[in-house]
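Structure assessment
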Amino acid sequence: MALALKDAFTARAIGVIWEAFKQSMGIQPYLGDGYFPKEKSAVMELKWFLGSSGLPVALTPSNYDALATVRDRIGFKEIQTEMPFFRESYIVKEKDEQNYENVMNAADGAVAREVLKNIALGPIELVRGANVVPERMRWQLLCPLDGSPKISISANGINYDYNYDTDGSYKANNFVELSGTSMWDDLENSDPIEDMRAAKKAMKKRGKIVKVANMNDNTWSKVCKNKKVAGYILAKNPTATVYITEKLVRQFIKEELELDIIVYDKMYKDESGKERTFIPDGMVSLVPGKTALGKTKYGKTPEERSGDKSTGNLQIVETGVALYTFTTPHPIVTQCICSEIVLPTFERMMDTYVIKAYSAEEAA
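Position numbers for residues count from 1 along each chain, tracking the sequence in the order it is written. With pLDDT at 70 or above as the cut-off, local features in this predicted model cover only qualifying residues; side-chain atom pairs require 80 or more to be listed or tallied, and sums for whole chains, interfaces and linings still use all residues. Hydrogens and water molecules were not included; the side-chain quantities draw on all heavy atoms of the structure.

Section: the overall build of the protein chain
Going along the chain from the N terminus, every DSSP run of H or I of four or more residues is numbered as a helix, and every run of E of two or more is numbered as a strand. Broken down by element type, the protein chain carries 12 helices and 17 strands. Buried means the residue's accessible area, taken with a 1.4 Å probe over protein chains only, is under 20% of the maximum for its type, while exposed means over 50%, and partly exposed covers the values in between. Across the 364 residues in the protein chain, those meeting the buried criterion constitute 49%. Summarising the internal contacts of the protein chain: among those between residues at least 6 apart in sequence, 75% fall at separations of at least 24. Areas reported as accessible are Shrake-Rupley estimates using a 1.4 Å probe. Residue values count occlusion only from the protein chains shown. When the accessible area of the protein chain is evaluated, it comes to approximately 17,700 Å², of which 51% is carbon and sulfur surface. We call two residues in contact when some of their heavy atoms are within 4.5 Å.

Let's talk about the pairing of strand 14 (residues 312-317)
Note on pairing: two strands pair once DSSP finds at least 2 bridges between them. Sheet analysis places strand 14 next to strand 15 (residues 321-327), joined by six bridges and oriented antiparallel. When the bridges of strand 15 are listed, Val317 appears paired with Val321. A loop of three residues connects strand 14 with strand 15, the two strands running antiparallel in sequence, and Glu318 in this loop sits at a positive phi of about 50°.

A few points about the packing of aromatic side chains
Centres within 6.5 Å make a pair out of two Phe, Tyr or Trp rings, where for Trp the six-membered ring is used; the pair is then stacked when the planes are under 30 degrees apart, edge-to-face when over 60, and tilted otherwise. Summed over the entire model, instances satisfying the criterion amount to nine aromatic pairs. Aromatic side chains Tyr30 and Phe278 sit 5.2 Å apart centroid to centroid with 70° between the ring planes, which places their arrangement in the edge-to-face category. With Tyr30 in the loop between helix 2 (11-25) and helix 3 (31-35) and Phe278 in the loop between strand 11 (275-277) and strand 12 (283-287), this residue pair connects regions lying 248 residues apart in the sequence. Given a relative accessible area of 19%, Tyr30 falls into the buried group.

Remarks on the side chain of Ser41
Note that Ser41 resides in the loop between strand 1 (38-40) and strand 2 (45-49). What makes Ser41 buried here is its relative accessible area of 13%.

Topic: the pattern of salt bridges
By salt bridge we mean one thing: a side-chain nitrogen of Lys or Arg within 4 Å of a carboxyl oxygen of Asp or Glu. Applying the stated criterion to the full structure yields 20 salt bridges. For Glu303, the salt bridge identified is with Arg87, shortest N-O distance 2.7 Å. Here Glu303 is found in helix 12 (residues 302-306), whereas its partner Arg87 is found in strand 4 (residues 85-92), with 216 residues between them in sequence. Using a relative accessible area of 47% as the deciding quantity, one classes Arg87 as partly exposed. For the salt bridge of Asp260 with Lys254, the shortest nitrogen-to-oxygen distance reads 3.1 Å.

Comments concerning the packing of helix 2 against helix 6 (residues 121-142)
As a packed pair, helix 2 and helix 6 sit with axes 10 Å apart at the nearest point and diverge in direction by 70°. Taken together, the axis directions place helix 2 and helix 6 in an arrangement best described as roughly perpendicular. Taken as a pair, helix 2 and helix 6 cross one another with a handedness that is right-handed. In this structure, helix 2 uses Ile14, Ile17, Trp18 and Phe21 to contact helix 6, whose residues at the interface are Leu121, Pro123, Ile124, Val127, Arg128 and Asn131. Among the residues forming the contact of helix 2 with helix 6, the class breakdown is eight nonpolar, one polar and one charged. What counts as an axis is a line fitted to C-alpha atoms, over the stretch in contact for a helix, and the angles between N-to-C directions run from 0 to 180 degrees. Throughout, the term roughly parallel applies to angles under 35 degrees, roughly antiparallel to angles over 145, roughly perpendicular to angles from 65 to 115, and oblique to all others. By definition, turning the near helix anticlockwise from the far helix through less than a right angle yields a left-handed crossing, and turning it clockwise yields a right-handed one. Side-chain classes follow a simple rule in which Ala, Val, Leu, Ile, Met, Phe, Trp, Tyr, Cys and Pro form the nonpolar group, Asp, Glu, Lys and Arg form the charged group, and the remainder, Gly included, forms the polar group.

Considerations on the environment of Ile337
Mapped onto the secondary structure, Ile337 falls in strand 16 (residues 334-344). With relative accessibility at 13%, the residue Ile337 sits in the buried group. Residues Ile337 and Arg87 lie 250 residues apart in sequence; the distance between their C-alpha atoms is 7.1 Å. Those residues in contact with Ile337 that sit more than four places away from it in its chain are Arg87, Glu88, Ser89, Glu303, Ala322, Leu323, Tyr324 and Phe326.

Thoughts on the sheet that holds strand 17 (residues 353-356)
Ordered by their spatial adjacency, five strands build an open sheet running 7-17-12-8-9, and the pairing between neighbours is mixed. What marks the edges here is a single partner per strand, and that holds for strand 7 (175-177) and strand 9 (260-263). Sheet twist, expressed as the mean angle between neighbouring strand axes with direction ignored, is 20°. Note: strand 8 (residues 212-215) against strand 9, four bridges, orientation parallel. Note on strand 9: the bridge partner recorded for Asn214 is Ile262. Here helix 8 (residues 192-204) sits on the sheet in contact with strand 8, strand 12 and strand 17, set at roughly 150° to strand 17. Strands in contact with helix 9 (residues 217-224) are strand 8, strand 9 and strand 12; relative to strand 8, the strand with the most contacts, it is inclined by about 115°.

Side note on the side chain of Asn131
Within the element layout of this structure, Asn131 appears in helix 6. When residues no more than four places from it in sequence are discounted, the contact partners of Asn131 are Trp18, Tyr30, Lys38, Glu318 and Val321.

With respect to unusual backbone geometry
With a phi close to 55°, Glu258 is a non-glycine residue in the positive phi region. Note on placement: Glu258 falls in the loop between helix 11 (246-257) and strand 9. Phi angles above zero are rare outside glycine, and Glu318 is one such case at about 50°. Tracing the backbone shows Glu318 in the loop between strand 14 and strand 15. Exposure remark for Glu318: the relative accessible area of 15% places this residue in the buried category.

Notes on the confidence of the model for the protein chain
For the protein chain, the average pLDDT comes to 83, and 85% of its residues sit at 70 or higher. A residue's pLDDT is the confidence the predictor assigns to it, expressed on a 0 to 100 scale. Contacts from residues 49-78, a stretch scored under 50 in pLDDT, to residues over four places away or in other chains number 79 contacts.

Written out as structure tokens, the structure reads:
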């Protein structure tokens, strides 16, 4: 006989189902996981030190109900702030429990397991949503639409605003916004090769080397269809008629600029339900390589810190996402809470460069 729902629908079981779901669906890590590896912090307060490669960054979060008001203690090297809190829940209603009990008492236990798996899809979606939060933050830092790396998320009447460039140093030295016929959506007159070359030169003057250019597919397609890019490639083959493929463009950029192109087109839905790419159209993020630029720091959520283990069940997935399940006495329902406290650090911010190649979408 299958287990009763309160014994089967536990955080630990959901954690196991989540790992199996990732394997069966072939879910790959987000690109930002490599640039900002995940790390657990014992406290909600986030602190890190910038080395000689970067300038001090003051983070100034807004006030919000979930956390205490922050008073930053900023020195020349020390950066300190408090991480934002995200939480949602999923409820298995009394009718769902009754349906599960009906099949639980059936002879075939596989049916009950299948029903349990379907019930667990709700919490699975919460975990997937929890993973969207830090990835969204990372690309707001790597592709700032106005040139100043910042994190800005508004939902449920709460505003999270973290400015990593309060003195404007990044925007002044590590960002360029193209205009007029230089914008990459002008396929006849713009010159993406020279724009990326200029960015590399600007970084090299300060002793920085960028080796990877990240962009979404819409931006990349404009590079591949660009008339001057085609001309450069054909000039290397003056006696041949060459069809300009993406492979040829990648190869030319690699040989000419020593830049690897990463086309990152994963999408998510924001709070309004609008589909977005993590990298907005027109934004190009140049980075030192496939290497860490900071950390994705996770704090200890209230469920992890104070959840009643005698009546509930806790499981940590994805380094810092807390799953907590419990049953309420009235109405008798089983609930799963998914929560995280998360914020990226950006110690190597000044080692990156951003090109706003043409008018991008509104901030995500």
